[in-house]
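# An overview of the molecular structure
The residues making up each chain are set out below.
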Amino acid sequence: MRSKIVAGNWKMNKTLKETEALLTELSAKRPDTEAEIIVAPTFVNLATAVNNLESSVIQVAAQNMHFAENGAYTGEISADMLLGIGIDTVILGHSERRSLFGETDDFLSKKVDTAMAKNMRVIFCFGEELQERQADRHFAVVESQLKNALFHLDASAWQKIVLAYEPVWAIGTGETASPEQAQEMHAFIRKTIDEKYGASVAQNVTVLYGGSVKPNNAEEIFSKPDVDGGLIGGASLKADDFVEIIKAI
Ligand code: 13P
């Protein structure tokens, strides 16, 4: 079922103490909303975040995980480790994982399969780079990212998939896709899914926008019909900014 979501991807920010402080402030200032609110702190602070938010509607997600069940994967985190501390939502395919850590569509499809096998929810990120948009290849790039990593799934698996369109040129740059650009791409994403899975899957999948969403642009972006919320980086690190963005939905 399509839902409204505002998720904060904290990336490699916030120590334990800073995490606790931000969660306390967020809990205190959280506005009433029907939207889901999710935060994704770094791995070492996930268990603390889960405990801290035990009686809160704010949910906790992981920023990544490995596809293997367990074993010799130094530095990696498994699905069971996340589930074991009460986390069943994971961000996969972030552009920083793709560009800085070499994660390919093929590698990501294995992670998605593991998440599905473990009944986890995936926030799957994808989006074109600047030169791809300038070369008018953005639709083709997004289509291939979706097809390569997700289109082997059964229709039923899509209940566990949230999409996050994050044009790489808008991440951390202060340059946002215009609301029209976001809407145009989100409509294209739904059309692409419709062609493969039909209207029901396409209309029910939640599609978030990410890339320099701030308090001053969130409302206009979220007002677009095919934009169901946002995946927020920098602005999710300040309680007041994140709260303003939640209010915008
Ligand atoms: P910014 O909001 O800092 O541009 O980051 C977006 C992002 O990468 C969220 O995953």
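Residues numbered from 1 in each chain as written. Predicted model: local features only at pLDDT ≥ 70, side-chain atom pairs only at ≥ 80, totals over all residues. Heavy atoms only, no water.

## Observations concerning the overall build of the protein chain
Summing up its helical and strand segments, the protein chain has 11 helices and eight strands in all. Taking 18 Å as the expected radius of gyration for a compact globule of 249 residues, we find that the protein chain reaches 17 Å, a close match to that expectation. Along the first, second and third principal axes, the C-alpha set of the protein chain runs to 45 × 45 × 35 Å. The buried share of the protein chain, reckoned over its 249 residues, is 52%. A separation threshold of at least 6 residues defines the contact pool for the protein chain, and within that pool the share at least 24 residues apart is 71%. As displayed, the protein chain has an accessible area near 11100 Å², and 49% of this comes from carbon and sulfur atoms. (Helix = DSSP H or I, 4+ residues; strand = E, 2+ residues; numbered from the N terminus. Rg over C-alpha atoms; globule rule 2.2 N^0.38 Å. Buried < 20%, exposed > 50% of the residue type's maximum accessible area, 1.4 Å probe, protein only. Contact = heavy atoms within 4.5 Å. Areas by Shrake-Rupley, 256 points an atom, 1.4 Å probe, with all protein chains shown as cover.)

## Remarks on the site of the ligand
Taken together, Asn-9, Lys-11, His-94, Glu-166, Ala-170, Ile-171, Gly-172, Gly-211, Ser-212, Leu-231, Gly-233 and Gly-234 are the residues near the ligand. The separation between an oxygen atom of the ligand and a polar side-chain atom of Lys-11 is 2.8 Å. At a separation of 2.9 Å, an oxygen atom of the ligand approaches a polar backbone atom of Gly-233. When isolated, the ligand has an accessible area of 310 Å², and the protein chains bury 97% of it. (Near = heavy atom within 4 Å. Polar contact = N/O pair within 3.5 Å; in protein donor to acceptor, adjacent residues only side chain to side chain.)

## Looking at the nonpolar core
Counting 67 residues, the largest nonpolar core has Phe-124, Leu-150, Trp-158, Leu-163, Ile-189 and Ile-193 as the members making the most contacts within it. The contact partners of Leu-150, leaving out residues within four places of it in the chain, are Val-112, Phe-124, Trp-158, Ile-161, Leu-163 and Tyr-197. Ranked by size, the runner-up nonpolar core spans 12 residues in total, among them Ile-5, Ala-7, Ala-164 and Leu-208. (Core = buried A, V, L, I, M, F, W, Y, C linked by side-chain atoms within 4.5 Å.)

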